[in-house]
Amino acid sequence: MNFKTLSIATLLVNSFCLSAASSAEVMPESPKHKEIRIENTLNELFTRAMNTAAVKLDQTKVIEPFAIIKRIDGSLGVFELDQSADKKQLTVNNQHLSIRRLLRELAFEKQITASIQVMYALVQEEGKEQRQGLTFELEHQSGVSLIRFLPVSEQIDKEDEANNKWVFEIELLSTSIKPRTVFSIL
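Caption draft 1: Fine view of the overall build of the protein chain. Of regular secondary structure, the protein chain possesses four helices and seven strands. Ordered by position from the N terminus, the helices and strands of the protein chain form the series α-α-β-β-α-α-β-β-β-β-β. Taken across its 186 residues, the protein chain has 32% of its residues classed as buried. Residue pairs in contact within the protein chain that sit at least 24 positions apart in sequence constitute 53% of those at least 6 positions apart. Summed over its atoms, the accessible surface of the protein chain is roughly 12,300 Å², and 56% of this surface lies on carbon and sulfur atoms.

This is how it looks when you write it as structure tokens:
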């Protein structure tokens, strides 16, 4: 095969690939694909938040409020307030609100597409006993805004305290719709 034929064949293949790529960029996302993409993002954030909380509980037995974000480029970030002297004086609710303020700023600057905030909570349903657990506030820029409560219990080994462990009661996980707080200004 001579050089001229090879060049023409390469040119045709390249132009076909470029035209296919440009037509793929023009195609609008179907509602079904958008729904799947958003669901996958929120599931990814929830799984990462649950794993992060499990590690924190295992290592420190304490959950300080923290957040996980999905940046525009698709990468994830985990952050919490630093534990300087003035930050330690903040109540858990004030820490939570400070993190929310940071998330709102990131959303306003269009640096994130989704976020999840996690904090320890005590919840009491009417007529039932109080439960301890974790709240997960999930939000996506598309408008999806959910809150999940995951009950947590401590299994105590009476013979060996070193074998005590925290258990996530996933079968009792509850999810509700909540007002948008992070992406509310968009």
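Now that the structure has been shown, the text picks up again.
Caption draft 2: Geometry of the pattern of salt bridges. The full count for this structure, using the stated rule, is six salt bridges. A salt bridge links R37 to E29; its shortest N-O distance comes to 3.0 Å. For R37, a relative accessible area of 36% translates into the label partly exposed. For E139, the salt bridge goes to K178, with nearest N and O atoms at 2.8 Å. Separated by 39 residues along the polypeptide, E139 in strand β4 (residues 131-140) and K178 in the segment after β7 (174-177) bring together distant segments of the chain.

Caption draft 3: Expanded view of the side chain of T181. Structurally, the position occupied by T181 is in the segment after β7. In contact with T181, not counting residues within four places along its chain, are R100, R104, E137 and E139.

Caption draft 4: Region of the structure containing the environment of T181. A relative accessible area of 19% means that T181 is categorised as buried. Separated by 43 residues in the primary sequence, T181 and L138 place their C-alpha atoms 9.9 Å from one another. At 2.7 Å, the side chain of T181 forms a polar contact with the side chain of E139.

Caption draft 5: Examining a negative patch on the surface more closely. Taken together, E154, E159, D160 and E161 make up a surface patch of like negative charges. Tracing the chain through its elements places E159 in the loop between β5 (145-155) and β6 (165-168).

Caption draft 6: Representation of helix α2 (residues 31-60). Across its 30 residues, α2 extends 43 Å between first and last C-alpha, which sits within 8% of the 44 Å expected from 1.5 Å per residue. Among all positions of α2, only I38, T41, L42, L45, F46, A49, M50, T52, A53, K56 and L57 are buried. Contact partners of the buried residues in α2: β1 (66-71), β2 (76-80), β3 (112-123), β4, β5 and β6. At the exit of α2 stands K61, carrying a positive phi of roughly 65°.

Caption draft 7: Unusual backbone geometry, seen in detail. Positive phi, close to 65°, is recorded for K61, a residue that is not glycine. Assignment of secondary structure puts K61 in the loop between α2 and β1. By relative accessible area, which is 45% here, K61 ends up partly exposed. Notably, K110 is not glycine yet its phi reads approximately 55°, a positive angle. Here K110 lies in the loop between α4 (92-108) and β3.

Caption draft 8: A look at the nonpolar core. Ranked by size, the top nonpolar core spans 22 residues in total, and within it I116, L134, F136 and F168 carry the most contacts. Put simply, the parts of the chain that give this core at least two residues each are α2, β1, β3, β4 and β5. With eight residues, the single largest contributor to this core is α2. Apart from residues lying up to four places away in sequence, L134 is in contact with A53, I63, M119, Y120, R148, F149, L150, V152 and F168. If you look at the next biggest cluster of nonpolar residues, it comprises 10 residues, including A67, I99, A107 and I112.

The rules behind these values
- Residues numbered from 1 in each chain as written.
- Predicted model: local features only at pLDDT ≥ 70, side-chain atom pairs only at ≥ 80, totals over all residues.
- Heavy atoms only, no water.
- Helix = DSSP H or I, 4+ residues; strand = E, 2+ residues; numbered from the N terminus.
- Buried < 20%, exposed > 50% of the residue type's maximum accessible area, 1.4 Å probe, protein only.
- Contact = heavy atoms within 4.5 Å.
- Areas by Shrake-Rupley, 256 points an atom, 1.4 Å probe, with all protein chains shown as cover.
- Salt bridge = Lys/Arg side-chain N within 4 Å of Asp/Glu carboxyl O.
- Polar contact = N/O pair within 3.5 Å; in protein donor to acceptor, adjacent residues only side chain to side chain.
- Patch = residues over 30% accessible without salt bridge, like charges linked within 9 Å, V, L, I, M, F, W, Y side chains within 5 Å.
- Lys, Arg positive; Asp, Glu negative; His and termini not counted.
- Charge placed at Lys NZ, Arg CZ, Asp CG, Glu CD.
- Expected span 1.5 Å × (residues − 1).
- Core = buried A, V, L, I, M, F, W, Y, C linked by side-chain atoms within 4.5 Å.

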